[in-house]
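Take a look at the letters that make up each chain.
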Amino acid sequence: MLDLNELTKEQLVELVKIQAKNTIACDGCWFQALERERGMDEAIHFDEETWKRFPRSEARRAKKFLGLDEHSGLDGLERALPLRAASISNEYEITREADALVFRITNCRVQEARASKGMPYHPCKSVGAFEHETFASAIDERISVECLSCFPEVTDDTCNCSWRFEIRE
């Protein structure tokens, strides 16, 4: 029997990556099943409902793991974003501006998988807005999010999506 306590650091890191990819794949499987059965509009509706809730749990666990306080601001968000399953399974970059944090997914597994199957891109802007707002506000309720670029409204063709986070005054 496999005992997690006996795995090396490298094995544990690889396992975390595998489980993050599994989480994203599971999300994609249920979405595509609903998309086939009920169409894109209904699938998006249920995807939005899911991503209004799930990121709160993900953020709560990340905050506890990182020991973040209630108002950890953009510094806390910058530490927590890389721990998300979507971050671990995708290629991303985080940059800081004077008063903001920008999170860009430069290679998205969801869009890559859909393209490889000959499917249209997932119109994920509305879903992403709920996902990022829910996660950020669970890290610190003062954080607001703005979509800079996301399908179907792509304004930056160097990434799959881009989000800007600020502290609301």
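Shown above is the structure to which this text applies.
My aim in this report is to walk through the structure given alongside it, one point at a time. Quantities reported herein were computed from a predicted structural model and do not represent experimental measurements.

**Digging into the packing of aromatic side chains**
With the rule as written, the count across this model stands at four aromatic pairs. Each ring, one from Tyr92 and one from Phe103, has its centre 5.6 Å from the other, and the planes form 35 degrees; the classification is tilted. Here Phe103 lies in strand E2 (residues 100–107) and Tyr92 lies in strand E1 (residues 91–97), a separation of 11 residues in the sequence. The side chain of Lys52 reaches across the aromatic face of Phe130, ending 4.7 Å from its centre. The ring centre of Phe135 lies 4.7 Å from the NZ or CZ of Arg84, which sits over that ring.

**With respect to helix H1 (residues 9–38)**
The terminal C-alpha atoms of H1, which comprises 30 residues, lie 43 Å apart, in line with the 44 Å expected from a rise of 1.5 Å per residue. Along H1, the positions that sit buried rather than exposed are Ala20, Ile24, Asp27, Phe31, Gln32, Leu34 and Glu35. Lining the buried residues of H1 we find helix H2 (40–51), helix H5 (85–89) and helix H6 (109–116). Looking one or two residues beyond H1, the residue adopting positive phi is Gly39, at roughly 95 degrees.

**Here we look at the pattern of salt bridges**
In total, this model carries 16 salt bridges according to the counting rule given. For Arg84, the salt bridge goes to Glu131, with nearest N and O atoms at 3.0 Å. Of this pair, Arg84 sits in the loop between helix H4 (73–80) and H5 while Glu131 sits in helix H7 (residues 125–139), and the two are 47 residues apart along the sequence. Taking the relative accessible area as the measure of exposure, Arg84 reaches 3% and is therefore buried. If you follow the salt bridges from partner to partner, you end up with Glu97, Asp99, Arg164 and Glu166 in one network.

**Quick look at the side chain of Glu35**
By secondary structure assignment, the location of Glu35 is in helix H1. If we ignore the near neighbours within four places in the chain, the residues touching Glu35 are Met40, Ala43, Arg114 and Met119.

**Observations regarding the pairing of E1**
For E1 and E2, the ladder comprises seven bridges, and the chain directions are antiparallel. Its bridge partner being in E2, Thr95 is matched across the sheet by Val102.

**A few points about a nonpolar patch on the surface**
Taken together, the side chains of Leu2, Leu4 and Leu12 define a hydrophobic patch exposed on the protein surface, amounting to about 300 Å² of accessible area. Mapped onto the fold, Leu2 is located in the segment before H1. In this structure Leu2 comes out as exposed when scored by relative accessible area, which is 63%.

**Looking at the pairing of E2**
In terms of burial, E2 is a largely internal element, six of the eight residues being buried. Count of turn residues in the E1/E2 antiparallel hairpin: two residues. Looking at chain direction, E2 and strand E4 (residues 161–167) are connected through six bridges and run antiparallel. Bridge assignment links Val102 to a residue of E4, and that residue is Arg164.

**A short note on the sheet that holds E4**
Spatially, the four strands line up as an open sheet ordered E1-E2-E4-E3, and their pairing is antiparallel. Every interior strand has two partners, whereas the edge strands, E1 and strand E3 (143–150), have only one. When strand polarity is set aside, the average angle formed by the axes of neighbouring strands in this sheet is 20 degrees. Of the strands in this sheet, E1, E2, E3 and E4 touch H4, which is tilted by about 150 degrees from E4. Here H7 sits on the sheet in contact with E2, E3 and E4, set at roughly 155 degrees to E3.

Parameters at a glance
Residues numbered from 1 in each chain as written. Predicted model: local features only at pLDDT ≥ 70, side-chain atom pairs only at ≥ 80, totals over all residues. Heavy atoms only, no water. Phe/Tyr/Trp six-rings, centres within 6.5 Å; stacked < 30°, edge-to-face > 60°. Helix = DSSP H or I, 4+ residues; strand = E, 2+ residues; numbered from the N terminus. Lys NZ or Arg CZ within 6 Å of the ring centre and 35° of its normal. Expected span 1.5 Å × (residues − 1). Buried < 20%, exposed > 50% of the residue type's maximum accessible area, 1.4 Å probe, protein only. Contact = heavy atoms within 4.5 Å. Salt bridge = Lys/Arg side-chain N within 4 Å of Asp/Glu carboxyl O. Pairing = 2+ DSSP bridges. Patch = residues over 30% accessible without salt bridge, like charges linked within 9 Å, V, L, I, M, F, W, Y side chains within 5 Å. Areas by Shrake-Rupley, 256 points an atom, 1.4 Å probe, with all protein chains shown as cover. Axes fitted to C-alpha atoms, helices over the stretch in contact; angles between N-to-C directions.

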